[in-house]
Amino acid sequence: MVKEHKDIRVLIVEDDYLVAEMIKGLVREAGYSVAGEANNGQEAVEMTRSLRPDVVLMDIRMPDLDGIEATRRIQAECPTPVIILTAYEMPELVERAAEAGVAAYLVKPPDLRELDRSIGIAVARFQDLMELRRLNRELEKRNEELDAFAHTVAHDLQNPLALIIGFAEALRRYHATMSKKEFEESLEIIERTGRKMSRTIDELLLLARVRDEEVTLETLDMGTIVKEVIQHRLNHLIRKYQADIILPDRWPQALGYGPWVEEVWYNYISNALQYGGRPPQVELGTDVLPNGMVRFWVRDNGAGISPEEQKNLFIPFRRLKRGQERGGGHGLGLSIARRIVEKLGGEVGVESEVGQGSLFYFTLPQPPRRGRKPARSGR
């Protein structure tokens, strides 16, 4: 969205006092506000970092650090549209300035019309550049996910499919000579493997759907959501591992989308059951944060996770050693949780030390004050 003149803040970088005063007057006359004034290139970089102006008007020739080198540092540290002020218009200057990331340039002394036009061009070009960079990052991310998706299909779907085909062929050929027990065990393996494939496909579809779908945030009944997960989706694992689950006495209100948040709890609690201690001791809790967010967490009594493994926990399709030790997995659950929570305006994380168990958390925004409408997801 293009800002109005009155909302655009300009940082002026000029070592000549009289020229700086003239430019300051033109900036204000054009309807912009002055964010600050710097006397050299190093100050320009520091003030851009601290003041976050919308535009920098920078003299090209200054002591210590010239305008072009200062522009390079600004674009590397805190990207901002920069307009170079120069006494001469030369082709080599234009080329160097473009390579450094300069959005426009003005020949001194600038007039009001040219200054206004250059600021408008610089802001528009910069917004286009930022959008292009965002799209490139998104494209790179999607390409990485596409490659990982192909790898998952080739391994986590192809391998169990081969197992199903193998047992089905064995049943067709040898069912007449099989004992009833062998026959039923073979059918059980086919059924169990088919269900595993179905879960993988469901998770792949959910991962894709969360990325593109928009939902309206609503105040969640977190107690009911957690109860649904524990009693109806994880009851078999709780019985299998004889797990002890501790719940908080009350749940604070938070904004989200119920079906998606249920998936986050399912992944966190099921991981705590599968990779926790034996028997699992799983504690659920919550903290109201001072920044308007609510943190929800799941703590287990497992072996803990090394710092190296923690870096890969929420990345799609990454296998961890702990997953391989207990039957593997296709690395989708935590990446789904991350995508859901970030889409709802929160963040995910883990706190863990080897031998000390792990605490997985996610945050969601608190409900707005009365009179404000719920937001929509889709950041």
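Let me begin by describing the structure that accompanies this report. (Residues numbered from 1 in each chain as written. Predicted model: local features only at pLDDT ≥ 70, side-chain atom pairs only at ≥ 80, totals over all residues. Heavy atoms only, no water.)

A few points about the overall build of the protein chain
Definition in use: Strands are runs of DSSP state E lasting at least 2 residues, helices are runs of H or I lasting at least 4, and numbering of each runs from the N terminus. When accessible area is computed with a 1.4 Å probe and restricted to protein chains, residues below 20% of their type maximum are described as buried, those above 50% as exposed, and intermediate ones as partly exposed. Should any heavy atoms of two residues lie within 4.5 Å, those residues are counted as being in contact. Here the Shrake-Rupley method, with its probe set to 1.4 Å, supplies the accessible areas, and only the displayed protein chains count as covering residues.
What the protein chain contains, in helices and strands, is 12 helices and 12 strands. By the burial criterion, 42% of the 379 residues in the protein chain qualify as buried. In the protein chain, the proportion of contacts linking residues at least 24 apart, taken out of those at least 6 apart, comes to 71%. Carbon and sulfur atoms make up 50% of the accessible area of the protein chain, which amounts to about 21,400 Å² in all.

A closer look at the sheet that holds strand β2 (residues 33-38)
For clarity, the threshold we go by: Here, a strand pair is defined by DSSP locating no fewer than two bridges between the strands. Each axis is a line fitted through C-alpha atoms, taken for helices only over the stretch in contact, and angles between the N-to-C directions span 0 to 180 degrees.
The strand order across the open sheet built from 5 strands is β2-β1-β3-β4-β5, with neighbouring strands paired in parallel fashion. Of all strands in the sheet, those bounded by a partner on one side alone are β2 and β5 (104-107). Neighbouring strand axes in the sheet, compared pairwise and without regard to direction, differ in orientation by 20 degrees on average. In the packing of helix α1 (residues 17-29) onto the sheet, contacts are made with β1 (9-13), β2, β3 (55-59) and β4 (82-86), and the angle to β2 comes to roughly 165 degrees. Those strands touched by helix α3 (residues 67-77) are β3 and β4, and its axis lies near 175 degrees from that of β4.

Considering the packing of helix α7 (residues 222-233) against helix α9 (residues 258-275)
Inclusion rule: Working definition: roughly parallel below 35 degrees, roughly antiparallel above 145 degrees, roughly perpendicular at 65 to 115 degrees, and oblique for all remaining angles. Helix crossings are classified by the rotation of the near helix relative to the far one: an anticlockwise turn of less than a right angle makes the crossing left-handed, while a clockwise turn makes it right-handed. Gly falls in the polar group here, along with every residue not listed as nonpolar (Ala, Val, Leu, Ile, Met, Phe, Trp, Tyr, Cys, Pro) or charged (Asp, Glu, Lys, Arg).
Running from N to C, α7 and α9 point in directions that differ by 55 degrees, and their axes come no closer than 9 Å. As the angle between them shows, α7 and α9 are arranged oblique. Where α7 crosses over α9, the handedness of that crossing is right-handed. Two secondary-structure elements touch here, α7 through Met222, Ile225, Val226, Glu228, Val229, Ile230 and Arg233 and α9 through Gly258, Val261, Glu262, Glu263, Trp265, Tyr266 and Ile269. Considered class by class, the residues forming the contact of α7 with α9 number 9 nonpolar, 1 polar and 4 charged.

Examining the packing of aromatic side chains
To describe a pair of aromatic rings, you give the distance between the ring centres and the angle between the ring planes. Here is the rule we go by: Pairing of aromatic side chains here covers Phe, Tyr and the six-membered ring of Trp, requires ring centres within 6.5 Å, and sorts the geometry by plane angle: under 30 degrees stacked, over 60 edge-to-face, intermediate tilted. In this scheme, the term charge over a ring applies when either NZ of a lysine or CZ of an arginine sits within 6 Å of the ring centre and within 35 degrees of the ring normal.
A full pass over the atoms with the stated rule returns 9 aromatic pairs. Here the aromatic cluster, defined as three or more aromatic residues joined through ring pairs, consists of Trp251, Trp265, Tyr268, Phe296, Phe314, Phe360 and Phe362. One cation-aromatic arrangement involves Arg233 over Tyr266; the distance from NZ or CZ to the ring centre is 4.1 Å. Note that Arg278 overlies the ring of Tyr241, its terminal NZ or CZ placed 4.1 Å from the centroid.

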